[in-house]
Amino acid sequence: WDGLEDDRALFPARVNAFKNDEYFKHIKDWSTTTPSTIATSNYIQQCMLDRTMVPRDHINLFLNNSLYANNSFTMLDTLLHNLQPSHAKTLLEAVEQLSQLSMTTSKDATSYMQRVRSLAECLDAVDISQLMPLLANANLDKDRYPVLMCVVYLDIKLTN
């Protein structure tokens, strides 16, 4: 995955195609490494730590974390979870983009509306109680308020 927003939905689809390949039919449980899946787990781990395959900010989740030391299936599952539109970081990014959305002369109406539909799809299941903290944080200075950004990125529920 190249890290581009436009390819965010494509990566999980490619992973599903990878899992459904005939070569991996012996793997019944993609949640944990077993003695029969060590070779596949090692291959996934190499891919997950390769900056040409996964962006560095996502790789950082796995470094110096014992949870992922010997279980690349968990590593892959975490990455896929973080790419889901329901993940707080993704929702915050969508709200930030929505709050800054504008039609420019360099964009045609089709690409503009495609972006609007993409943001709407991402925010589709969000209710107002989830949206308000995201809107409140969307345009905060990230350098000035890094703790608030970390709270949202770590998917911790914001409360008063």
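Preceding block: the structure.
Residues numbered from 1 in each chain as written. Predicted model: local features only at pLDDT ≥ 70, side-chain atom pairs only at ≥ 80, totals over all residues. Heavy atoms only, no water.

Within the protein chain one finds eight helices and zero strands. Written out in order from the N terminus, the α and β elements of the protein chain read α-α-α-α-α-α-α-α. By the burial criterion, 31% of the 160 residues in the protein chain qualify as buried. Taking as baseline every contact in the protein chain between residues at least 6 positions apart, the subset at least 24 positions apart corresponds to 58%. (Helix = DSSP H or I, 4+ residues; strand = E, 2+ residues; numbered from the N terminus. Buried < 20%, exposed > 50% of the residue type's maximum accessible area, 1.4 Å probe, protein only. Contact = heavy atoms within 4.5 Å.)

Core analysis: the largest hydrophobic core is formed by 17 residues, its most contacted members being Phe11, Trp30, Ile44, Met48, Phe62, Leu76 and Leu79. Among the elements of the structure, α1 (10–19), α2 (38–48) and α4 (72–83) are those that each provide at least two residues to this core. In terms of residue count, α4 provides more of this core than any other element does, six residues in total. Setting aside its immediate chain neighbours within four residues, Leu76 contacts Val15, Lys19, Ile44 and Met48. By size, the runner-up hydrophobic cluster in this structure holds ten residues, among which are Leu92, Cys122, Leu134 and Ala138. (Core = buried A, V, L, I, M, F, W, Y, C linked by side-chain atoms within 4.5 Å.)

Moving on, we get to the packing of α2 against α4. Viewed as axis vectors pointing N to C, α2 and α4 meet at an angle of 45°, and their least axial separation amounts to 8 Å. Regarding the angle of α2 to α4, the classification is oblique. At the point where α2 passes α4, the crossing takes the left-handed sense. Here Thr40, Ser41, Asn42, Ile44, Gln45 and Met48 of α2 lie close against α4, whose contacting residues are Ser72, Phe73, Met75, Leu76 and Leu79. When grouped by side-chain class, the residues that make up the contact of α2 with α4 number six nonpolar, five polar and no charged. (Axes fitted to C-alpha atoms, helices over the stretch in contact; angles between N-to-C directions. Parallel < 35°, antiparallel > 145°, perpendicular 65-115°, else oblique. Left-handed = near helix turned anticlockwise from the far one by under 90°. Nonpolar A, V, L, I, M, F, W, Y, C, P; charged D, E, K, R; others polar.)

Looking now at the packing of aromatic side chains. Taken as a whole and assessed by the stated rule, the structure comprises seven aromatic pairs. On the basis of an interplanar angle of 40° and a centroid distance of 4.4 Å, the ring pair of Phe18 and Phe24 is categorised as tilted. On the accessibility criterion, Phe18 (26% relative accessible area) is partly exposed. Relative to Trp30, the ring of Phe24 lies with its centre 6.0 Å away and its plane at 70°, an arrangement referred to as edge-to-face. (Phe/Tyr/Trp six-rings, centres within 6.5 Å; stacked < 30°, edge-to-face > 60°.)

Geometric values such as these leave the question of function open.
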